[in-house]
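Here are the chains, one letter per residue:
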Amino acid sequence: MSVPQYRRVAAMALAAGLGLGLTACSTKSDDGGTTAAGKVTITVDCQPVGSQKELLANWNDDVAEFQRQNPDIVVKSVSVGEQCNNPPDFTARLAGGTVTDVFYGYMTDLQQVLDSGQAMDVTELVTKETVPTWDSVDPALKEAFSDGGKLYAVPVKNYSMGLVYNKVLFQQAGLDVNNPPRTWPEVRAAAKKIAALGNGIAGYAEYSAGNTGGWHFTSLLYSQGGQILTPDGKKADFNNALGKQVLQNLKDMRYGDNSMGARQLLQWGDLLTNAGAGRVGMFVGAPDATQAIVSQFQGKFQDWAMGPLPGQDGPAKGTLGGGEGYFFKKGLTPEQVEAGLKWIAYQKLTPGKGQFDYVRAKPQNYPVGLPQPLLFSNGSDAQKQELALRKANANVDTANFAAFETNPVPIKGEPRNAQAIYAVLDAAMSGVLTNPNANIDALLKTAEDKVNQLLATQS
């Protein structure tokens, strides 16, 4: 997930590229189906919230233009509150059978969507006619939403994590804005200097609730060269020296240096609210975290830059990558699925349209030029078109992301049953961030036992 995305996270996460479609929507509609007039109606979740006036207007304009171009299709948005960026709420909605016809989910949601029995196989319906850029979409992203050779969702975003940092606070603390920390000891040293500025500023901030803590523990573990599960996916593999190092680093900053601020149990919006207010020096995130800081939390994108994820004693050995897509509710007619695919293609997968409408985004002061979402394979027709449009309309200093782009870290995917595992690992993260006497060995052992129990029930 991105700004988890957060939900991305993705998040992450995460407003893909222009911040469209990753937050909850604002109006409720009737159920999808075929109208008396013969039009195909689909319900879709995750349009921007009402407080995001420009983004909501953009979404509504896109719906109107799409329907003008496809007069036999009606797109209706259904309000699901915060469930589009909150994994536990998504799980509850899935269990309750209240998902929309075309519903947003993380790559890590595939298994629980399949387990719910609500996923529709759309393999035969995704064609060049329904998704014209489909041949350009990265095959690895298609694979992430596939099971047994069958496709269940269309990817609309992907990301990888690095170190996001506030240039203004770096300057005030006497740090080099063009040379972000490359190791965790360097992060610790920089965090101390930034926290010394006072005024409630956290030198480094971290998540520890709402599944986001476990999400970030995974990326931090990857930076150490570790993995969440054994290669066969049957056992936990984080209760070791690498997992202990992750928690020790955080405990040292939190209580040894007091450089992470007093308020903990942060979720996605909590951390980014503080970042937008200029009270966070560094945090781990994807490039679009800066977009969220600007569009949702009143920050300034010129204040932010990004470097690669730090390693322990040198370059990171890995970083977490993931993404989001749209599933199709089981029971839809072929006509509804095709209508949904056409909408996703228009809003999410067409250079110059929807989330890739850089001409529209630029005067609205939304960042154009971020190295995300990278949905298309290098050298593909759509990738070339998207890159040309991005460069032509860039309104961010691409130098702010140069360290991130020129020092790529190997990307590792999210583990099987990721969201459930992240929920377990939240406790380990919150433990070291809220209790100065936390026993790291005990926290990891408890998490290990719970994850193994979880995996045993899934086998």
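Everything numeric in this text was worked out from a predicted model, so none of it was measured.

S.K.: I'd like a rundown of the overall build of the chain, residues and numbers included.
M.R.: Assigned secondary structure in the chain consists of 17 helices and 12 strands. Computed over the C-alpha atoms, the radius of gyration of the chain is 21 Å, within 12% of the 23 Å expected from 2.2 N^0.38 for a compact globule of 459 residues. Projected onto its principal axes, the C-alpha coordinates of the chain cover approximately 70 × 50 × 40 Å. Looking at the chain residue by residue over its 459 residues, the buried ones come to 61%. Averaging the locations of the 40 positively and 44 negatively charged side chains of the chain gives two centres separated by 4 Å.

S.K.: Could you give me a rundown of the sheet that holds strand E8 (residues 162–166), with the residues and numbers involved?
M.R.: Read from one edge to the other, the open sheet built from three strands follows the order E9-E8-E10, with strand pairing classed as antiparallel. Here the strands that pair on one side only, and so sit at the sheet edges, are strand E9 (282–285) and strand E10 (304–308). Strand after strand, the sheet turns through a mean of 30° between neighbouring axes, direction not considered. Relative to E10, E8 is paired through five bridges, and the arrangement is antiparallel. Bridging from a neighbouring strand, Asn 166 pairs with Trp 304 of E10. Across the face of the sheet, helix H7 (residues 184–195) comes into contact with E8 and E9 while running at roughly 135° to E9.

S.K.: Before we move on, could you go through the pairing of strand E2 (residues 40–45) and cite the residues and values that matter?
M.R.: By the criterion of burial, E2 is predominantly enclosed, with six of the six residues buried. Residue alternation in E2 divides its side chains into two sets, Val 40, Ile 42 and Val 44 and Thr 41, Thr 43 and Asp 45, and both sets are buried. Summarising the sheet, E2 and strand E3 (residues 73–78) pair through six bridges and their orientation is parallel. Across the sheet, residue Thr 43 finds its bridge partner in E3, namely Lys 76. Note that the unit made of E2, helix H2 (residues 53–69) and E3 has a crossover that is right-handed.

Analysis parameters
Residues numbered from 1 in each chain as written. Predicted model: local features only at pLDDT ≥ 70, side-chain atom pairs only at ≥ 80, totals over all residues. Heavy atoms only, no water. Helix = DSSP H or I, 4+ residues; strand = E, 2+ residues; numbered from the N terminus. Rg over C-alpha atoms; globule rule 2.2 N^0.38 Å. Buried < 20%, exposed > 50% of the residue type's maximum accessible area, 1.4 Å probe, protein only. Lys, Arg positive; Asp, Glu negative; His and termini not counted. Charge placed at Lys NZ, Arg CZ, Asp CG, Glu CD. Pairing = 2+ DSSP bridges. Axes fitted to C-alpha atoms, helices over the stretch in contact; angles between N-to-C directions. Contact = heavy atoms within 4.5 Å. Right-handed = clockwise from strand over helix to strand, strands pointing away.

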